[in-house]
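Examination of the molecular architecture
In case you want the letters, here they are:
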Amino acid sequence: MYGPRGSITNNDLPWITPMAQLPESLNMERRSLTFSKKHQLTISKNLAFLILFAFIVCIVVTALIAHYVTLQADETRCKLQLDQQGTHAPHDGITTPSTNDSTTIDHIDDTNTTHDVETTTADTSIDDNNVTGAKYLRLPRSVLPIDYDMRILTVMSNLTFYGSSVIFVNVTMATDNVTMHAEGLNITCEDVRVVEAVEGQTVQVVSCSTEKEQEFYVLHFDQPIEEGLYNITMNFGGKLRDDLSGYYASNYKNGNETRWIAATQFEPTEARRAFPCFDEPAMKATFRITIGRPNNLTSISNMPLMSSTTSELQDYTWDEFQRSVPMSTYLVAYIVSDFKPRTIGNFSLYARDSAYSQTKTAADLGPKLLKHLEEFFDVPFPLPKMDLAAIPDFSAGAMENWGLITFRESNLLYEEGVSTKKNLQRIAIVIAHELGHQWFGNLVTPSWWTDLWLNEGFASYLEYTATDAIFPEWKMMDQFIVDDLQMVFNLDALKSSHPISIEVHNPNEISDIFDRISYAKGATIIRMMEDFLTTSSFRQGLTNYLNEKKYSNAEQNDLWLSLTTQAHKDNIFGPEITVKDVMDTWTLQMGFPVITVNRTDKQISLTQDKFELNRNNISTNYSWWVPLTYQTKSGLKGRSWLSKDSKTLTLEDINITPSEWFLVNLNQTGYYRVNYDDLGWSLLETQLKEDHTKLDPKNRAQIMNDVLSLSSAGYVDYSVALNISTYLQSEEEYIPWTATLTKMNFLFEMFQRSGHFDKFKVYFTNLIQPLYKKLGFVDVKSDPILKTYLREVILKKACQLGLSECIEWAHTEFRNWMLSPNPDNLNSISPNLKSIVYCTALETGGEQMWNFAWQRFINANVGTERELLMQALGCTKEMWLLNKYMTMAITPDSEIKKQDAILVFRAIGSRIVGQTAGMRFVISKWSEINTYMGKSVLAMNSILSSVTSNLNTEKELEEVQMFSKRYENDVTFSQRNAKQVIEQTQANIDWMNKYFHTIVEWLTNYEIQLSNSNSSQR
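Keep in mind that this is a model prediction, so the values were computed, not measured.

How each quantity is defined
Residues numbered from 1 in each chain as written. Predicted model: local features only at pLDDT ≥ 70, side-chain atom pairs only at ≥ 80, totals over all residues. Heavy atoms only, no water. Helix = DSSP H or I, 4+ residues; strand = E, 2+ residues; numbered from the N terminus. Buried < 20%, exposed > 50% of the residue type's maximum accessible area, 1.4 Å probe, protein only. Contact = heavy atoms within 4.5 Å. 1 Å grid on protein atoms, 1.4 Å probe; cavity = no way out; pocket = protein on both sides within 12 Å on 5 of 7 lines; lining within 4 Å. Points joined across faces, edges and corners; volume = space filled by probe spheres on them. Phe/Tyr/Trp six-rings, centres within 6.5 Å; stacked < 30°, edge-to-face > 60°. Lys NZ or Arg CZ within 6 Å of the ring centre and 35° of its normal. Pairing = 2+ DSSP bridges. Core = buried A, V, L, I, M, F, W, Y, C linked by side-chain atoms within 4.5 Å. Disulfide = S-S within 2.5 Å. Axes fitted to C-alpha atoms, helices over the stretch in contact; angles between N-to-C directions. pLDDT = per-residue confidence, 0-100. Expected span 1.5 Å × (residues − 1). Bend = angle between axes of the 7 residues up to and from the residue. Parallel < 35°, antiparallel > 145°, perpendicular 65-115°, else oblique. Left-handed = near helix turned anticlockwise from the far one by under 90°. Nonpolar A, V, L, I, M, F, W, Y, C, P; charged D, E, K, R; others polar. Salt bridge = Lys/Arg side-chain N within 4 Å of Asp/Glu carboxyl O.

Details of the overall build of the protein
Assigned secondary structure in the protein consists of 27 helices and 31 strands. Every one of the 1018 residues in the protein was classed for burial, and the buried ones make up 60%. Expressed as a percentage of contacts within the protein between residues at least 6 apart in sequence, the contacts between residues at least 24 apart total 72%.

Overview of empty space enclosed by the protein
According to the stated counting rule, one finds 7 cavities of 30 Å³ or more in the structure shown. Considering only enclosed or pocket space, the largest cavity measures out at about 90 Å³ in volume. The wall of the largest cavity is formed by 14 residues, among which Leu-137, His-181, Arg-272, Trp-448 and Pro-507 lie closest to the centre.

Considerations on the packing of aromatic side chains
Counting across every chain of the model gives 68 aromatic pairs. Ring centres 5.9 Å apart and planes at 75° place the aromatic pair Phe-266 and Phe-275 in the edge-to-face group. Taking the relative accessible area as the measure of exposure, Phe-266 reaches 0% and is therefore buried. Accessibility expressed as a relative area gives 0% for Phe-275, which makes it buried. Judged by centre distance (5.1 Å) and plane angle (90°), the ring pair of Phe-748 and Phe-757 falls under edge-to-face. Phe-757 matches Phe-748 in its accessibility class, with the two residues each being buried. Three or more aromatic residues link up through ring pairs in this structure, and these residues are Phe-376, Phe-377, Phe-381, Trp-439, Phe-440, Trp-453, Phe-458, Tyr-545 and Trp-560. Of note, Arg-342 hangs over the ring of Tyr-356, and the distance from its end group to the ring centre comes to 4.3 Å. The ring of Tyr-622 carries the charged tip of Lys-610 above its face, separated from the ring centre by 5.0 Å.

Regarding the sheet that holds strand β18 (residues 340-344)
One open sheet accounts for 5 strands, arranged β18-β19-β20-β22-β21; its pairing is mixed. A strand with exactly one partner marks an edge of an open sheet, and here the two such strands are β18 and β21 (398-399). Relative to strand β20 (residues 386-391), strand β19 (residues 347-351) runs parallel, the two sharing 4 bridges. Opposite Phe-347, over in β20, you have Met-386 as the bridge partner.

Things to note about the nonpolar core
The biggest cluster of nonpolar side chains holds 312 residues, and the ones touching the most others in it are Leu-219, Phe-275 and Phe-814. With 14 residues, helix α27 (residues 975-1017) is the largest single contributor of residues to this core. Setting aside anything within four residues of it in sequence, one finds Leu-219 in contact with Asp-176, Asn-177, Val-178, Met-180, Val-192, Val-194, Val-205, Ser-207, Cys-208 and Ile-232. Within the second largest apolar cluster, 6 residues are counted, among which are Leu-153, Val-155, Leu-313 and Trp-318.

Remarks on the environment of Ala-428
Residue position: Ala-428 is located in helix α3 (residues 421-437). Put simply, Ala-428 and Tyr-464 are 36 residues apart on the chain and 9.3 Å apart in space, counted from C-alpha to C-alpha. With residues near it in sequence (within four places) discarded, Ala-428 still touches Leu-365, Leu-369, Thr-467 and Trp-474.

Focus on the state of the cysteines
The term disulfide refers to a covalent linkage connecting the sulfur atoms of a pair of cysteines. Scanning the model with the defined rule gives 3 disulfides in all. Put simply, Cys-189 and Cys-208 are joined by a disulfide, and their sulfur atoms are 2.1 Å apart. Between Cys-189 and Cys-208 the disulfide shows an S-S torsion of about 75°. By sign, it is right-handed. Separated by 19 residues along the polypeptide, Cys-189 in the loop between β5 (175-181) and β6 (193-196) and Cys-208 in strand β8 (residues 205-211) bring together distant segments of the chain. Disulfide partner of Cys-839: Cys-875, at an S-S distance of 2.0 Å. Handedness of the Cys-839-Cys-875 disulfide follows from its S-S torsion of about -105°: it is left-handed. Pair noted here: Cys-839 is in helix α18 (residues 834-844) and Cys-875 is in the loop between α20 (863-873) and α21 (879-889), with a separation of 36 residues, a long-range link. Residue classification places Cys-875 among the buried positions, given a relative accessible area of 2%. Once the bonded cysteines of the protein are numbered in order along the sequence, the disulfide links fall as 1-2, 3-4, 5-6.

Topic: the sheet that holds β5
A sheet is described by the order of its strands in space; here 3 strands give the open sequence β5-β9-β8, paired in antiparallel fashion. Strand pairing shows two members of the sheet lacking a second neighbour, β5 and β8, which therefore form its edges. Across the sheet, the mean angle from the axis of one strand to that of its neighbour is 25°, orientation sign disregarded. As paired elements, β8 and strand β9 (residues 216-225) share 6 bridges and run antiparallel to each other. Residue pairing across strands places Cys-208 opposite Leu-219, the latter belonging to β9.

Looking at the environment of Phe-339
Mapped onto the fold, Phe-339 is located in the loop between β17 (334-337) and β18. Note: C-alpha distance between Phe-339 and Arg-352 (13 residues apart in sequence) is 4.6 Å. Not counting residues up to four positions away in its chain, the partners in contact with Phe-339 are Ile-261, Thr-298, Tyr-350, Ala-351, Arg-352, Ala-390, Ile-391 and Pro-392.

Things to note about the confidence of the model for the protein
On average, residues of the protein score 87 in pLDDT, and 86% of them reach the 70 mark or higher. Below pLDDT 50 for its whole length, residues 1-45 participates in 80 contacts with residues either more than four positions away or in separate chains. Across residues 57-135, where pLDDT falls below 50, the model places 195 contacts with residues more than four positions away in sequence or in other chains.

A look at the pairing of strand β15 (residues 305-310)
As defined by bridge partners, β15 adjoins strand β16 (residues 316-321) across 5 bridges and the pair is classed as antiparallel. Bridging from a neighbouring strand, Leu-305 pairs with Phe-321 of β16. Here β15 folds back onto β16 in antiparallel fashion, the turn holding 5 residues, of which Asp-315 has a positive phi close to 65°.

Considerations on unusual backbone geometry
Note the cis peptide between Glu-267 and Pro-268, where omega equals 0°. Considering the arrangement of structural elements, one finds Pro-268 in the loop between β12 (257-265) and β13 (286-294). Residues other than glycine seldom take positive phi values, yet Asp-315 does so here, at roughly 65°. Following the sequence through the fold, Asp-315 ends up in the loop between β15 and β16. In this structure, Asp-893 takes a positive phi of about 65° despite not being glycine.

Regarding helix α15 (residues 757-775)
With 19 residues, α15 ought to run about 27 Å at 1.5 Å a step, and its terminal C-alpha atoms sit 25 Å apart, in line with that. Along α15, the largest kink reaches about 45° and is centred on Ile-768; proline Pro-770 follows within four residues of it. Residues of α15 that are buried include every one of Phe-757, Lys-759, Phe-760, Tyr-763, Phe-764, Thr-765, Asn-766, Leu-767, Ile-768, Leu-771, Tyr-772 and Leu-775, and no others. Residue Gly-776 follows α15 closely and has a positive phi angle near 70°.

Here's the deal with the packing of helix α17 (residues 804-818) against helix α19 (residues 847-859)
Packing of α17 against α19 brings their axes to within 11 Å, and their N-to-C directions diverge by 60°. Classed by the angle they form, the pair α17 and α19 counts as oblique. Between α17 and α19 lies a crossing whose hand is left-handed. Of the residues in α19, those in contact with His-811, Phe-814, Arg-815, Trp-817 and Met-818 of α17 are Gln-848, Met-849, Phe-852, Ala-853 and Arg-856. In the contact of α17 with α19, the residues fall into 6 nonpolar, 2 polar and 2 charged.

Section: the packing of helix α4 (residues 452-470) against helix α7 (residues 516-533)
Two numbers describe how α4 lies on α7: the axes approach to 7 Å, and their chain directions differ by 70°. With respect to α7, the element α4 is oriented roughly perpendicular. Handedness of the crossing formed by α4 with α7: right-handed. Note on element contacts: α7 touches α4 through Ser-518, Tyr-519, Gly-522, Ala-523, Ile-525, Ile-526, Arg-527 and Glu-530, opposite Leu-452, Trp-453, Glu-456, Gly-457, Phe-458, Ser-460 and Tyr-461. Looking at the contact of α4 with α7 residue by residue, the classes come out as 8 nonpolar, 4 polar and 3 charged.

Considerations on the environment of Asn-235
Considering the arrangement of structural elements, one finds Asn-235 in strand β10 (residues 228-239). Of the residues examined, Asn-235 reaches a relative accessible area of 6% and is grouped as buried. Sequence separation of Asn-235 and Ile-152 is 83 residues, and the distance between their C-alpha atoms is 9.9 Å.

As for the pattern of salt bridges
In this structure the tally under the stated criterion is 43 salt bridges. Residue Arg-293 is joined to Asp-319 by a salt bridge in which the shortest nitrogen-to-oxygen separation is 2.8 Å. Here the residue Arg-293 occupies a position in strand β13, and Asp-319 occupies one in strand β16, the gap between them amounting to 26 residues. Pair check on accessibility: Arg-293 and Asp-319 agree, each one buried. Between Glu-732 and Lys-774 there is a salt bridge whose closest N-O contact spans 2.8 Å. With Glu-732 in the loop between α13 (718-725) and α14 (734-752) and Lys-774 in helix α15, the pair connects residues that are 42 residues apart, well separated along the chain. Judged by relative accessible area, which is 56%, Lys-774 ranks as exposed.

Given below as structure tokens:
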């Protein structure tokens, strides 16, 4: 294990604070010490000093012995002088006596009142002065933070940290306690000091307690304190965590050497695991952070470095950073590492030295995207610098910490000739997403996690609009249709979905809503809103909202008000309607409508109902304000509103002939599906087969995705959908094909698990054959990005269908790579085709090929390449290899990093052979996996969903139901996610019972017709 050259040893620990730096209350008077006159005993100054010195030596020796013993037990507790030269004024304009604010971390002994354990929680309800109540998990508002002044020492030699903080607070009402968050920290109650900030009077802290469920740390006073300003001084410490949350340790290999870094991940509720704080998004404060780190490492934080000073600790330095702007605790960040920076102006990229060359692309993209967003919002980026850091172990894709964004390496680092075009696009949109958060989330923060979608929905939309502004040739807004809008339909159709804006109370519930509803549905309704408000009015409303709420918090109603005001000003809406009227119908209820279009001679009716996977269970109490757009074959376009109070809208005197098609939801800007009567579908089918280019690719994608989804739910006969799908033989655009494959993959999976897959193969092979032959196996570098993507999806499907030419090509490419004299550096396979070659070769190859790929994975220095190989390793059909792979994914210190465990299960769950094996492995080892993943609801939800998406038998349903029942009382188990799995499995079973044989019949007839057609051509 890599350790810093300047590691702290037992002899280096400065246990005793110099007298000049002791708090005034502890400072000995510098004169002779005299007992009472009654004893007439006087001690000279020199003797007093000798006695004091001897006493100090005794303490030092005792403490060193205790430290040595506890260090061997890996429970290091120490008293570290934090090298503090008087405390900074916690808030501009308020001067606090510095002598009362000098802080140290006292030695923590097991016999001391150290509060890192649970206590009994009372059942009484909570008010602003009552911190008990198991069901109430919000902090009281009697104490509000203004400023944190923190000093944190990171000891890499034993992966621990020690800190002290002065929290400057405003007491808004008399209270006999201060309640904050702290979890898993070592805090000694005797060290906690509360001082009135103006007069300097000390408040007596009589005891401290914890509330386990709420993760509260409570200071109790001997009598209530009055309203006013106070400083709370606390010492704390702990081990760097190993679950990728809070303040945690990460490592990477540099040759045969393991190097360690320390990084933070605080969203949503993990700051409390790094320092005591008021860990709610509405409790914003400024932060003055000072980091102690070994001299051979560096530190970065949210704000620019202000100064570095040598510590009294040998080979350690204190880095002091500028005070931050007001921000929520979950946005605080700091890193101690040996990363190498690439700096362009005020923009810096940080990565391990061996990956430095991979930072060039992001360094080019970042400033362009930031500039675009500044112009888009017309609100300047408020911080003096922006850092992007690639972390070797990172649980999420990236994190928007203000001024210091952290990334998984594969989402930031790009190596030309190794990484793919998709990797490049992914890096661009992730950077854009996190930079978008600097306004939506950081500058203006939701008051509570109920409105998480205001963060993630806007960032998810901005990642497309911003990237589109830089790379218009990528057609990002077309890709949005298939990557976000159509994908979220699947989840939102379930009865176990949830509204975008939803009440959440505890950390597990909060983590549970970091899902596609908050992200993709949020982005989709924002896109719809921009369309009906117009871009100019929408953007000006956002600018007004950000300027009004900057550095503070907001709820969705605040956004609605700003947008309504601008819409009324621009005459977008009449005074009788507001954005709130419209958008509450989309954010406060789950699901989405299906608009049914019926036509007569000169009249068209449009009716809304809630889309249901099972049409027999139609919900009647749902309705929306639906922005309708439509077009006729002759080019007539129009807009109308379908009110939430009106089930049906009738369009009269539409100038349309019986032979003209009528298309609803132009460019699929609305979040709804569209169903037509028989004539409507027939006319659209005719147009697609005669000349599909008369319809925009986005609407071709919409038609295919809608008709296949409507068929699977019983709204339309499957023959309608499958007949329309045959037009794809002439389709050459990526977006319509992807929209089709999203739904066809379900049919593919269902038929693969049956005895009729041969019929499906005939049908689908015939659909892709023309494009398969045209695109070929050569990746043309000059091809537009969407053509590159199209080649990838068609070749992937061809190999999955078992086309011999495709499989032979993949095997040849892979074997040539195996014969390379230096396969880690010489790989002739085109980056954009690697995913197909790797997976196909390992699926049909044996142990030798798998071991070769495994070794390449171990040796890979590029994160994007590691992820490609991880996906491919899950393609094997060898069950013992799959089980070996999953076991390694949850084994500490294996070659698979904890951050990548989810990718293993996702890879295995994406293949028919791996689905059942993956499901049973996860169910049988749930507790073990959950413990290994740090009981992360986000991670466990992803793992379970990955291996259960295509279950379709009663036996599998029974297994997941029993599994859900087994963990129904486990607070770390997401019942919402389990219900979604069960509901989807039941829906798959119902689908097999209702539609499977109908499709088999259609496929049989199709095969006969195809055979007859081929015979006649001969």
